[in-house]
Amino acid sequence: MPNLHNRKLYWLTLPLVLLLFSLPSAWYHRDRLRYNYFASPTTSTLPTRRLFHLLPANKAGAGAFFCKALMSSLVHGYSPIILNWEAQGDSSYMQRLKVAGVYEFLNSLPSGNDDDVVFMMDAWDVWLQFPPQTLLERYAEYGSDVVIGADMLCWPNEADEPACRDVPESPVPENAYGDSLSCDAECMAHGGLLSTRPRWANSGTIIGTVKSMKSVYKDLTEQLSEWAYTDQGIFNEFLHQGRIKLDYYSRLFWANAHNADAGVIINARYPVSTTDTVVPYHLLPPLLYHSGTGEYPVAIHFNARFHKNLMNDWWGRLWWTQPEFRSIWQERLDRGTVHFAHNGTTFQWKDFCDLSELA
Ligand SMILES: *[C@@H]1O[C@H](CO)[C@@H](O)[C@H](O)[C@H]1NC(C)=O
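Residues numbered from 1 in each chain as written. Predicted model: local features only at pLDDT ≥ 70, side-chain atom pairs only at ≥ 80, totals over all residues.

The name an unreviewed UniProt entry gives the protein is PLOD1-3-like GT domain-containing protein, with Roridomyces roridus as the organism.

1. Some words on the sheet that holds strand β8 (residues 253–255)
Either a parallel or an antiparallel arrangement is found when strands of a sheet pair, and the pairing is made through backbone hydrogen bonds. Test applied: At least two DSSP bridges between two strands are required for those strands to pair. Starting at the N terminus, helices and strands are each numbered in turn, a helix being any DSSP run of H or I of at least four residues and a strand any DSSP run of E of at least two. Lines are fitted to the C-alpha atoms to define the axes, a helix being fitted only along its stretch in contact, and any angle between axes, read from their N-to-C directions, falls within 0 to 180 degrees.
If you walk across this open sheet you meet the 3 strands as β4-β11-β8, and the pairing is mixed. Among the strands making up the open sheet, the edge pair consists of β4 (126–128) and β8. Across the sheet, the axes of successive neighbouring strands diverge by a mean angle of 15°, strand direction being ignored. One ladder, built from 3 bridges, connects β8 with strand β11 (residues 299–301); its direction is parallel. Along β11, the bridge assignment pairs F253 with A299.

2. Quick word on the nonpolar core
One broad trend across soluble globular proteins is that nonpolar side chains are buried collectively. The criterion, for reference: Joined through C-beta atoms within 7 Å, a set of buried Ala, Val, Leu, Ile, Met, Phe, Trp, Tyr and Cys residues constitutes a nonpolar core. Residues with at least 20 other C-beta atoms within 10 Å of their own are called buried, those with 12 or fewer are called exposed, and the rest are partly exposed. The C-beta atoms themselves are positioned from the backbone. We call two residues in contact if the C-beta atoms placed from their backbones are at most 7 Å apart.
One finds L54 and A299 to be the most contacted residues of the largest nonpolar core, which totals 87 residues. Excluding residues within four positions of it along the chain, A299 makes contact with M121, V126, W127, L128, T205, L252, F253 and W254.

3. Topic: the environment of G61
Mapped onto the elements, G61 comes out in the loop between β1 (51–56) and α2 (64–75). Taking the C-alpha atoms as reference, G61 lies 9.8 Å from M94; in sequence the two are 33 residues apart.

4. Topic: the sheet that holds strand β3 (residues 117–121)
Overall, mixed pairing links the 8 strands, which are arranged β7-β5-β6-β3-β1-β2-β12-β13 in an open sheet. Each edge of the open sheet is held by one strand with a lone partner, namely β7 (245–246) and β13 (346–347). For β1 and β3, the ladder comprises 4 bridges, and the chain directions are parallel. Counted as the bridge partner of F52 is V118 from β3.

Here it is in structure tokens:
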């Protein structure tokens, strides 16, 4: 039972939350049928599934980090869709709007799209390094469920909650990451529940069929209006309930906050997937390899604030940021299109970003 204080908070915030949820539906209404044309190309060897790549980013918060994330999407052939561009508010407002925006997007899709795939990632600290084909191919290994990035820290739930304590153990071998992990201040503040092998949810990267995402986001939306948690706390509960799957091996998503050392940039000699015709393997492209699990993650998530230095360190080291590969990625960057969900228009990377300002 919520205590009196929580109840008060609930009734105080309810009108605000209701207002919040009424906003995006208005924005999306106009464009209801146009998402058909927004999907990223898919490969013919898989069941025909369209991929909707969602990036929640508001204009006020967008900058060099957003431009880098967007660039990683475009050079690999995605057709990203920007949610919440015109929204304004503090980070907790934007956090809630991130959920509302995805949910409204799902509801705006015409019926019959149930098997298409929606992939949402945070718009400023995630870089992609493989094309949509590889993402879909690997996602297919999980069936049609919702799959979320794995985190080594149980956050923001309390350490003694079932959502922290009683989620499954990781199937990754016990010594895969070594034993160098130590509980930092953030970890201590939350009762010290940190595992060397990720076993909790990270809500910055998520993928699922339209059908499975609708079901998860419906409940997420309802619970987010009642709880003080961010979406990540609720995802940990969903994980505990067996409603979502975790990408334990970082084959799809790698959140590197507590294990950046596991990342090694190496020159890949062979394609990681037979359907990948996008990464120029014949030129030995430098790719991020996860030495703990032996995977090349599709998405690299720099999810610790203090690791933004790491983004700066790694910028320029992956193939799609290197001058020797420029003729390949520049052409894709120039050709790529980005869609605004709020008014259905299309723009190009260079309309909002400038390569010479990314260092
Ligand atoms: C769509 O939104 C973008 C960003 O807010 C704006 O620059 C553009 O002019 C809008 N286009 C139309 C047709 O409303």
